[in-house]
Amino acid sequence: MITRKVKVVDAQDNWAEEFRLEQEILRELLGDIVEDIHHIGSTSVPALAAKPIIDILLEVSSITALDAQSAKLINLGYVAKGENGIEGRRYFEKGGDNRTHHLHAFKSGDPHVYQHLAFRDYLKAHPDVREKYAHLKKKTAQEVNGDVEAYREGKNDFVELHLAKAIDWARGSY
């Protein structure tokens, strides 16, 4: 079994363009079921260190309609992972052992959409938090020698705390 290693790098200027290109492909591929496509995760936040994987949030009119078109995503190189631990989500990975994209799909209006966008926007609006998060991510990845589960666990408390703050903040911002 191949063990994936977490690698955290400094922010890259090309991440926004990589998202934009994939967004265009997804819109054309999936057509009318697409409600919106968002760049989320650390690569969507300027100046934030991240795993060099583009996280995409796909809002669809119907999960059933997306399921009916999942073969198109598979033909594009995505691997379907089902809900992958989050009820109502469809999760896909692209790039094999050197993943390039994570696709998180939800029906429009799902609370997870709001949470992802709130956290992203909160980090953009709070550079002090963004810097602490970048430091934590780099430090944790190094301390756990790239172990994926230990990395997630090492930043979980920070993410949970600031996700709650982000949701409160977003209620007054959107």
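To be clear, the structure that these remarks concern was listed above.
Structure report, in brief.

Here is what the cut-offs are and how they apply
- Counting restarts for each chain: residues are numbered from 1 in the order of the written sequence.
- Only residues with pLDDT of 70 or above have their local features reported here, since the model is predicted, and side-chain atom pairs are shown and tallied only from 80 upward, although totals for entire chains, interfaces and linings are computed over all residues.
- The side-chain figures draw on all heavy atoms in the structure; neither hydrogens nor water molecules are used.
- What counts as a salt bridge is simple: a side-chain nitrogen of Lys or Arg found within 4 Å of a carboxyl oxygen of Asp or Glu.
- Exposure is judged per residue with a 1.4 Å probe applied to protein chains only, and the accessible area is read against the type maximum: over 50% gives exposed, under 20% gives buried, and values in between give partly exposed.
- Angles shown run from 0 to 180 degrees and are taken between the N-to-C directions of axes, each axis being a line fitted to C-alpha atoms and, for helices, limited to the stretch in contact.
- Only DSSP runs of H or I reaching four residues or more are called helices, and only runs of E reaching two or more are called strands; each is numbered from the N terminus.
- What sets the label is the angle itself: under 35 degrees gives roughly parallel, over 145 gives roughly antiparallel, 65 to 115 gives roughly perpendicular, and the rest give oblique.
- Contacts are residue-level and defined by heavy atoms, with any inter-residue pair within 4.5 Å sufficient.
- Residues were grouped as follows: Ala, Val, Leu, Ile, Met, Phe, Trp, Tyr, Cys and Pro as nonpolar; Asp, Glu, Lys and Arg as charged; and all remaining residues, including Gly, as polar.
- Any two rings among Phe, Tyr and Trp, with Trp reduced to its six-membered ring, count as a pair given centres within 6.5 Å; such a pair is stacked if its planes are under 30 degrees apart, edge-to-face if over 60, and tilted if neither.
- One axis is fitted to the seven residues ending at the residue and one to the seven starting there. The bend at that residue is the angle between these axes.
- Under the rule applied, a polar contact is a pair of N or O atoms within 3.5 Å (in protein, one hydrogen donor and one hydrogen acceptor; residues adjacent in sequence only if both atoms are side-chain atoms).
- Site definitions follow a grid-based scheme: protein atoms alone, a 1 Å grid, a 1.4 Å probe that fits but cannot get out for cavities, and for pockets an open set with protein on both sides within 12 Å along at least five of seven lines, plus lining residues having an atom within 4 Å of a point.
- Grid points are joined across faces, edges and corners, and a volume is the space filled by probe spheres set on the points.

A few words on the pattern of salt bridges. Going through the model one piece at a time under the given rule, you end up with 13 salt bridges. Among the salt bridges present, the one from Glu 93 reaches Arg 99, with a minimum N-O distance of 3.6 Å. The residues Glu 93 and Arg 99 share a single accessibility class, namely buried. Residues Glu 149 and Arg 152 are paired through a salt bridge, measuring 2.6 Å at the closest nitrogen-oxygen approach.

This paragraph deals with the packing of helix H4 (residues 111-125) against helix H6 (residues 148-173). When two helices pack together, their arrangement is given by the angle between their axes and by how far apart the axes lie. The geometry of H4 relative to H6 is characterised by a closest axis approach of 8 Å and an angle of 90° between their N-to-C directions. When the axes of H4 and H6 are compared, the pair comes out roughly perpendicular. Contacts from Tyr 114, Gln 115, Ala 118, Phe 119, Asp 121, Tyr 122 and Ala 125 of H4 reach H6 at Val 159, His 162, Leu 163, Lys 165, Ala 166, Ile 167, Trp 169, Ala 170 and Arg 171. In terms of residue class, the contact of H4 with H6 is built from 11 nonpolar, 2 polar and 3 charged.

Inspection of every chain in the model, using the stated rule, returns 4 aromatic pairs. Ring geometry for Tyr 78 against Phe 92: centres 6.4 Å apart, planes inclined by 85°, an arrangement best described as edge-to-face. Note that Tyr 78 is positioned in strand E3 (residues 78-80) and Phe 92 in strand E4 (residues 90-94), a separation of 14 residues in sequence. Comparing Tyr 78 with Phe 92, the two get one shared label, buried. Between Tyr 133 and Phe 158, the ring centres sit 5.2 Å apart and the planes meet at 5°, which makes this aromatic pair stacked. Taken as a pair, Tyr 133 in helix H5 (residues 127-143) and Phe 158 in helix H6 lie far apart in primary sequence, 25 residues in all. Here Phe 158 falls in the buried class, since its relative accessible area comes to 15%. Here the aromatic residues Phe 119, Tyr 133 and Phe 158 are joined through ring pairs into a cluster of three or more.

Turning to H6, a few remarks are in order. Maximal helix bending in H6 amounts to about 45°, located at Asn 156. All of the buried residues in H6 are Val 148, Tyr 151, Lys 155, Phe 158, Val 159, His 162, Leu 163, Ala 166, Ile 167 and Ala 170. Summarising the contacts, the buried residues of H6 are in contact with H4 and H5. If you check the start of H6, you find a side-chain oxygen 3.3 Å away from the backbone N of Glu 149, and it comes from Asp 147.

Attention shifts here to the layout of surface pockets. Put simply, the largest pocket is a space of about 1,500 Å³. In terms of lining, the largest pocket is formed by 41 residues, of which the most central are Lys 51, Asp 55, His 102, Arg 152 and Lys 155. Elements represented by at least two residues in the lining of the largest pocket include exactly strand E5 (101-107), H4, H5 and H6. Residue contributions to the lining of the largest pocket peak at 8 residues, all from H6. For the lining of the largest pocket, the residue count by class is 16 nonpolar, 12 polar and 13 charged. Taken as a whole, the second largest pocket holds about 150 Å³ of empty space. Around the second largest pocket sit 13 residues that line it, and Ala 16, Thr 43, Ser 44, Val 45 and Pro 46 are the ones nearest its centre. Where the lining of the second largest pocket is concerned, the elements lending two or more residues are helix H1 (15-30) and H4. A breakdown of the residues in the lining of the second largest pocket according to their chemical character gives 6 nonpolar, 4 polar and 3 charged.

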